[in-house]
Amino acid sequence: MAAVDPSEELKSVESTMTSIEAVLDLDKMRADVAALNEKAAAPDLWDDPEAAQKVTSRLSFLQGELRRVEDLRRRLDDVNVLFELAEAEDDADTRTEAENELASVHKAVGELEVRTLLSGEYDSREALVTIRSEAGGVDAADFAEMLLRMYTRWAERHGYPTEVYDTSYAEEAGIKSATFAVKVPYAYGTLSVEQGTHRLVRISPFDNQGRRQTSFAGVEVLPVVEQSDRVDIDESELRVDVYRSSGPGGQGVNTTDSAVRITHIPTGIVVSCQNERSQIQNRASAMAVLSAKLLERQRQEEQARMNALKGEGSSWGNQMRSYVLHPYQMVKDLRTEFEVGNPQSVLDGEIDGFIEAGIRWRKQQQNAA
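What you see is a predicted model; the values in this text were computed from it and never measured. (Residues numbered from 1 in each chain as written. Predicted model: local features only at pLDDT ≥ 70, side-chain atom pairs only at ≥ 80, totals over all residues. Heavy atoms only, no water.)

*Asks:* Can you explain helix α3 (residues 49-89)? Please cite residues and give values.
*Replies:* In this model α3 runs 59 Å from its N-terminal to its C-terminal C-alpha over 41 residues, within 8% of the 60 Å that 1.5 Å per residue would give. Backbone geometry just downstream of α3 places Asp90 in the positive-phi region, at approximately 50 degrees. (Helix = DSSP H or I, 4+ residues; strand = E, 2+ residues; numbered from the N terminus. Expected span 1.5 Å × (residues − 1).)

What follows is the structure in structure tokens.
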């Protein structure tokens, strides 16, 4: 049986790689890295810790992105050399090595291509993620905590810093809700496809008769608000309550009233922060979350007006993923049809396949619209 000619695959990968390099604009990335390096070297950088954190975070991200693209380009060039060497020496082992490396590079280039699809207005922002238990009682609260672990494990796998702002624990097990930030550029564009209702089907560990239970948890993803955003908040329209932070089972965490709950009276939006810092810091974090929620509300109202003018409804379904642990093992995205037969790996944070499929699906929906 004749060996498959890899030339067409090589051409395809080369074309995709060239397109990625053009979209990412490597010359601009290098110039931005140089400028940020100068800022990072300034002796007064940490006089403003918040600004310094943004500089170092952005620098680290750009350096990682640039290194990733340059490494892939080198690997692709090396694959071409390997195939040429295999052909020149008629070496089957070298050809096998080249084919294996081409498959690996093809996969990596496909993953990098997804990054170029994040071109929405807020896609480059950091993300605020809120997880809430929905229908299903204690199983839903337990499922919400499983999703919180899944996303934080995903962030850990990629080296993305996270900060939990607020966790409301359920009485028996799990959580009622939790809000955390993923502090890396493009976190919002990446995770926004995770928004919606997640469904879990399993034998309930909380049912003494061992019955199958279906439970639900909701995921909300918002972009972090920046100074350029127009979000007007009238202080007179806020009710601010302070209280003591609490942990699982209602146990006290702090001995002072450092936790902050802010209610935006006109909209009824309530946010809180109790991450064991000072009341002033918790208030600032809670205001950041409130600003993000109000910005999202503005965007939804604008989108509703546009849809009304076009006579269209939202293309997003509410229930977006199903996690089945019994009677079979499967995690399936209901929009993209992407599925994995190992739920435990998914719940351990291996969700890149779902995210990439979601981003591609969203782009297709946008193009079709």
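Back to the text.
*Asks:* An account of the pairing of strand β8 (residues 269-273) is requested, with residue identities and associated values reported.
*Replies:* Among the 5 residues in β8, 4 count as buried, and that is most of the element. Bridge analysis of strand β7 (residues 259-264) against β8 gives 5 bridges, and the strand direction is antiparallel. Note on β8: the bridge partner recorded for His264 is Ile269. Hairpin connection, β7 to β8: the antiparallel pair is bridged by 4 residues, and Gly268 has positive phi, about 80 degrees. (Buried < 20%, exposed > 50% of the residue type's maximum accessible area, 1.4 Å probe, protein only. Pairing = 2+ DSSP bridges.)

*Asks:* Outline the sheet that holds β8, supporting the account with residue identities and numerical values.
*Replies:* Ordered in space as β6-β7-β8, the 3 strands form an open sheet in which the pairing is antiparallel. Among the strands making up the open sheet, the edge pair consists of β6 (238-243) and β8. Neighbour-to-neighbour, the strand axes of the sheet open up by a mean angle of 15 degrees, direction not taken into account. (Axes fitted to C-alpha atoms, helices over the stretch in contact; angles between N-to-C directions.)

*Asks:* Please set out the sheet that holds strand β9 (residues 319-324) residue by residue, giving values where relevant.
*Replies:* The 8 strands lie next to each other as β2-β3-β1-β5-β4-β9-β10-β11, forming an open sheet whose pairing is mixed. Both outer strands of the open sheet, β2 (162-169) and β11 (339-340), are each paired with one neighbouring strand and no more. When strand β1 (residues 127-133) meets strand β3 (residues 175-182), the two strands line up antiparallel, connected through 6 bridges. Across the sheet, Val129 pairs through a bridge with Phe180, a residue of β3. Lying over the sheet, helix α5 (residues 137-158) contacts β1, β2, β3, β4 (196-203), β5 (212-223) and β9, oriented at roughly 45 degrees with respect to β5. Docked against the sheet, helix α9 (residues 352-368) engages β9, β10 (330-333) and β11, running at close to 20 degrees with respect to β10. (Contact = heavy atoms within 4.5 Å.)

*Asks:* So what about the packing of α3 against helix α4 (residues 92-116)? Which residues, and what values?
*Replies:* Following both chains from N to C, one finds α3 and α4 inclined at 150 degrees, their axes separated by 9 Å at the closest point. The angle between α3 and α4 falls in the class roughly antiparallel. For the pair α3 and α4, the crossing hand works out as left-handed. (Parallel < 35°, antiparallel > 145°, perpendicular 65-115°, else oblique. Left-handed = near helix turned anticlockwise from the far one by under 90°.)

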